[in-house]
Amino acid sequence: MAQNIARTAGLRAYLYLRVALRGPTRIPCRALMCTAPDDRKVREKVTIHFINQDGEKITTSASEGETLLDIVLNKNLDINGFGACEGTLACSTCHLIFDEDVFKKMGPVLDEEMDMLDLSYGLTDTSRLGCQICVQKWMDGIVIRVPQEMNDMRRKKESARK
Amino acid sequence: MALLKVRRFDSIGLWLKTGDSLNFSGCITHSCRTSSSVSDKKQSLLHGPDLEDFVSGDLQDRSKWAEYKGNLKRQKGDRLRLPPWLKTEIPIGKNYNKLKNTLRNLNLHTVCEEARCPNIGECWGGGEYATATATIMLMGDTCTRGCRFCSVKTSRQPPPLDPDEPLNTAKAIAEWGLDYVVLTSVDRDDIADGGAEHIAKTVSYLKERNSKILVECLTPDFRGDKTSVEKVALSGLDVYAHNVETVRELQRQVRDPRANFDQSLSVLKHAKKVKPALLSKTSIMLGLGETDKQVYSTLTELREAGVDCLTLGQYMQPTKRHLKVEEYITPEKFQYWEKIGTELGFLYTASGPLVRSSYKAGRHIVAVTGWAAETGLKTTTDMDGLVS
């Protein structure tokens, strides 16, 4: 308990110092939101499947507490044009579509996230922004879809017509 | 012959182990696999560059891009390699460092650095005749929109505007004694007028200090707000630029969803309406997956909207978080688009793989408008203090 308080206090102190020394910083909006076990060694590995814009399935393992945006960027997954604003809730390029049951279990949507999500192409009822979703143990084995781009939609329609 | 090769280099191959730092061992093993590629390699060695070519230093004839055998169109799951006509020098040198220091001391930002322009070495270095040129970026280095082609930093709430920036920028540019300057800015949707007042003030201070300077502004779309467009258009600038970035069909995919083709077109039309003497200018990136038909219809729409100047350049992926390049357009194709642009009636069409909106802008404008004659600017390549 004391350790947790010390850690949070330390984090706050660090952030205040950073702002004081460097000026206003672009703090990613999820920095203080993810709750994960403090001890890094105990963080579980979770398997996540992505289906990218080309329809390919990409399987990767992630640590608890990482956001989906972190996973895509750090593991260099083949998803085109993902995470343009680096997680500051200023774009909708990390738009992801989840299964119904997975979507229901997720945390609440921030207003800012809703604003950006509303602008995204191919919005569904089970859409979220990847930069706001932290990986948790129960997400092991879930399949996440990247919305198809307009070009791909048209290409598919044309090939279907042929 | 192939087997011999393996035995000779085998010990080296083993020593290098996974040798991913050198293509060398990979090439040897690959050539063993198929006899046809071995004979291809033999042919290319026979007809390829000789020792004399290496020694003379003139290995590639830049006009023969047709010989480039690499892939130019992206396949699924692939990432294209950079073709030779897009390779640029690493920026180094006295001029480059001097300009960098000057900008930092004056707390000015440039789009050259923020958007990772490939021409930075050439423009800032100055070269043999021309002096160093840079495009100043107003309102900070952080944008409120996240477009999928742009590497300028994005934030929901960027730092507030510096109220001294218009004056400082104007003073710095006037001190430099430049003849043509391009001012650009980030999108600031967090500010009521989108930053129009800020830009307009910079231009008017600049014109106050140096009435002969030619100013081009590459503005945001101000979310289509016509009063903001007017503010900038009537501030005294000479060229009003706003980029549509890509063809109509790809707008949703390439740009931030808050930007769209019709909004951008309305900005350009309104600027001309408010001040007909203004030159309007726009820019398109090629290589994002557009078809020739789409490009042609976009150019026609732009011309019908009264846009005077056009630039076409190759899209290059700035970081892994941005869109992959779908196709590398050859220099010959860019020449073709330049011809089409001229035929459609644009005052000038700057078209080339490394052409960017403000690349050599001063020279083009001066060449086509005859403002050179009025203001006494030199029109040869050794223009002093011209900023593109």
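What counts, and at which threshold
Residues numbered from 1 in each chain as written. Chains lettered and ligands numbered in written order. Predicted model: local features only at pLDDT ≥ 70, side-chain atom pairs only at ≥ 80, totals over all residues. Heavy atoms only, no water. UniProt positions renumbered as here; feature names shortened; annotations may be inferred. Helix = DSSP H or I, 4+ residues; strand = E, 2+ residues; numbered from the N terminus. Buried < 20%, exposed > 50% of the residue type's maximum accessible area, 1.4 Å probe, protein only. Contact = heavy atoms within 4.5 Å. Areas by Shrake-Rupley, 256 points an atom, 1.4 Å probe, with all protein chains shown as cover. Buried area = accessible area lost by both parts, 1.4 Å probe. Salt bridge = Lys/Arg side-chain N within 4 Å of Asp/Glu carboxyl O. Polar contact = N/O pair within 3.5 Å; in protein donor to acceptor, adjacent residues only side chain to side chain. Pairing = 2+ DSSP bridges. Axes fitted to C-alpha atoms, helices over the stretch in contact; angles between N-to-C directions. Expected span 1.5 Å × (residues − 1). Parallel < 35°, antiparallel > 145°, perpendicular 65-115°, else oblique. Nonpolar A, V, L, I, M, F, W, Y, C, P; charged D, E, K, R; others polar. Phe/Tyr/Trp six-rings, centres within 6.5 Å; stacked < 30°, edge-to-face > 60°. Lys NZ or Arg CZ within 6 Å of the ring centre and 35° of its normal. Core = buried A, V, L, I, M, F, W, Y, C linked by side-chain atoms within 4.5 Å.

Chain B has the name Lipoyl synthase, mitochondrial in an unreviewed UniProt entry, where Erpetoichthys calabaricus is given as its organism. Of the comments in the UniProt record for chain B, the one headed Pathway (unreviewed entry) reads "Protein modification; protein lipoylation via endogenous pathway; protein N(6)-(lipoyl)lysine from octanoyl-[acyl-carrier-protein]: step 2/2." Taken from UniProt, the Sequence similarities (unreviewed entry) comment for chain B reads in full: "Belongs to the radical SAM superfamily. Lipoyl synthase family."

Under an unreviewed UniProt entry, the name given to chain A is Ferredoxin 1b, and the source organism is Erpetoichthys calabaricus. In its Sequence similarities (unreviewed entry) section, UniProt records this for chain A: "Belongs to the adrenodoxin/putidaredoxin family." Regarding chain A, the relevant UniProt record gives this comment under Cofactor (unreviewed entry): "[2Fe-2S] cluster".

### A word on the overall build of chain B
From N to C terminus, chain B includes 16 helices and 10 strands. Going through the 388 residues of chain B one by one, you find that 49% of them count as buried. Considering only intrachain contacts with a sequence separation of at least 6, the fraction spanning at least 24 residues in chain B is 73%.

### A look at the overall build of chain A
Counting its secondary structure elements, chain A contains five helices and five strands. When the helices and strands of chain A are placed in sequence order, the string is α-β-β-α-β-α-α-β-β-α. Every one of the 162 residues in chain A was classed for burial, and the buried ones make up 41%. Taking the contacts inside chain A whose residues are at least 6 apart along the sequence as the reference set, 63% of them involve residues at least 24 apart. In the structure as shown, chain A presents an accessible area of about 9100 Å², 52% of it carried by carbon and sulfur atoms.

### So, the interface of chain A and chain B
Taken residue by residue, the interface counts 31 residues in chain A and 28 residues in chain B. Taken together, the two surfaces of chain A and chain B that pack against each other cover about 2500 Å², and 46% of this comes from carbon and sulfur. On inspection of chain A and its partner chain B, the count reaches three salt bridges. Ionic pairing is found between Arg321(B) and Glu86(A), a salt bridge with its closest N-O pair at 3.7 Å. Seen at the junction of chain A and chain B, the total is 13 residue pairs in polar contact (both at pLDDT 80 or more). Elements with a contribution of two residues or more to the side of chain A that touches chain B: helix H2 (68-74), helix H4 (111-119) and helix H5 (150-161) of chain A. Per-element accounting of the side of chain A that touches chain B gives the leading share, four residues, to H4(A).

### Concerning the sheet that holds strand S5 (residues 180-185) of chain B
Residue and element names in this part refer to chain B. Overall, mixed pairing links the eight strands, which are arranged S1-S2-S5-S6-S7-S8-S9-S10 in an open sheet. Each end of this open sheet is capped by a strand with a single partner; those strands are strand S1 (109-110) and strand S10 (348-351). Alignment of S5 against strand S6 (residues 214-218), held across five bridges, turns out to be parallel. What sits directly across from Tyr180, in S6, is Leu214. Strand contacts of helix H8 (residues 165-176): strand S2 (136-138) and S5, with the helix running at about 165° to S2, the strand carrying the most contacts.

### Quick word on the pattern of salt bridges
Residue and element names in this part refer to chain B. As enumerated under the stated definition, the model contains 25 salt bridges over all chains in all. Two residues, Glu114 and Lys153, come together in a salt bridge whose shortest N-O distance is 3.6 Å. With Glu114 in helix H6 (residues 111-114) and Lys153 in strand S4 (residues 153-154), this residue pair connects regions lying 39 residues apart in the sequence. Overall, the relative accessible area of 14% leaves Glu114 in the buried class. Looking at Lys153, the relative accessible area reads 30%, which means it is partly exposed. The shortest N-O distance in the salt bridge between Asp189 and Arg145 comes to 2.8 Å.

### Notes on the UniProt feature "binding site: [4Fe-4S] cluster 2" (unreviewed entry) in chain B
The UniProt record annotates "binding site: [4Fe-4S] cluster 2" (unreviewed entry) at Cys143(B), Cys147(B) and Cys150(B). Here Cys143(B) shows up in strand S3 (residues 142-143). A residue is classified by how much of its surface remains accessible, and Cys143(B), at 10% relative accessible area, is buried. Non-local contacts of Cys143(B), meaning those with residues more than four positions away in its chain, are made with Val152(B), Lys153(B), Thr154(B), Ser155(B), Pro158(B), Val186(B) and Asp187(B). Structurally, the position occupied by Cys147(B) is in the loop between S3 and S4. Look past the residues within four positions of Cys147(B) in its chain and what remains in contact with it is Ala84(A), Val254(B), Arg255(B), Asp256(B) and His322(B).

### Re helix H14 (residues 331-344) of chain B
With 14 residues, H14(B) ought to run about 20 Å at 1.5 Å a step, and its terminal C-alpha atoms sit 20 Å apart, in line with that. Looking at the residues trailing H14(B), positive phi occurs at Gly345(B), about 110°.

### Description of the packing of helix H9 (residues 196-209) of chain B against helix H10 (residues 226-233) of chain B
Residues and elements named next belong to chain B. Viewed as axis vectors pointing N to C, H9 and H10 meet at an angle of 10°, and their least axial separation amounts to 8 Å. When the interaxial angle is binned, H9 and H10 end up roughly parallel. Facing H9, whose interface residues are Ala196, Glu197, Ile199 and Ala200, H10 presents Ser228, Lys231 and Val232. Of the residues in the contact of H9 with H10, the class split is four nonpolar, one polar and two charged.

### A look at the packing of aromatic side chains
Scanning the entire structure with this criterion turns up one aromatic pair over all chains. Against the face of Phe346(B) rests Arg303(B), its NZ or CZ located 5.6 Å from the ring centre.

### Things to note about the nonpolar core
Residue and element names in this part refer to chain B. The biggest cluster of nonpolar side chains holds 52 residues, and the ones touching the most others in it are Trp124, Leu183, Val215 and Tyr240. Dropping the residues within four chain positions of it, Leu183 is found in contact with Ile136, Leu138, Thr169, Ile173, Thr202, Val203, Leu206, Val215, Glu216, Cys217 and Leu218. With 33 residues, the next largest nonpolar core counts Val254, Leu286, Tyr328 and Phe334 among its residues.

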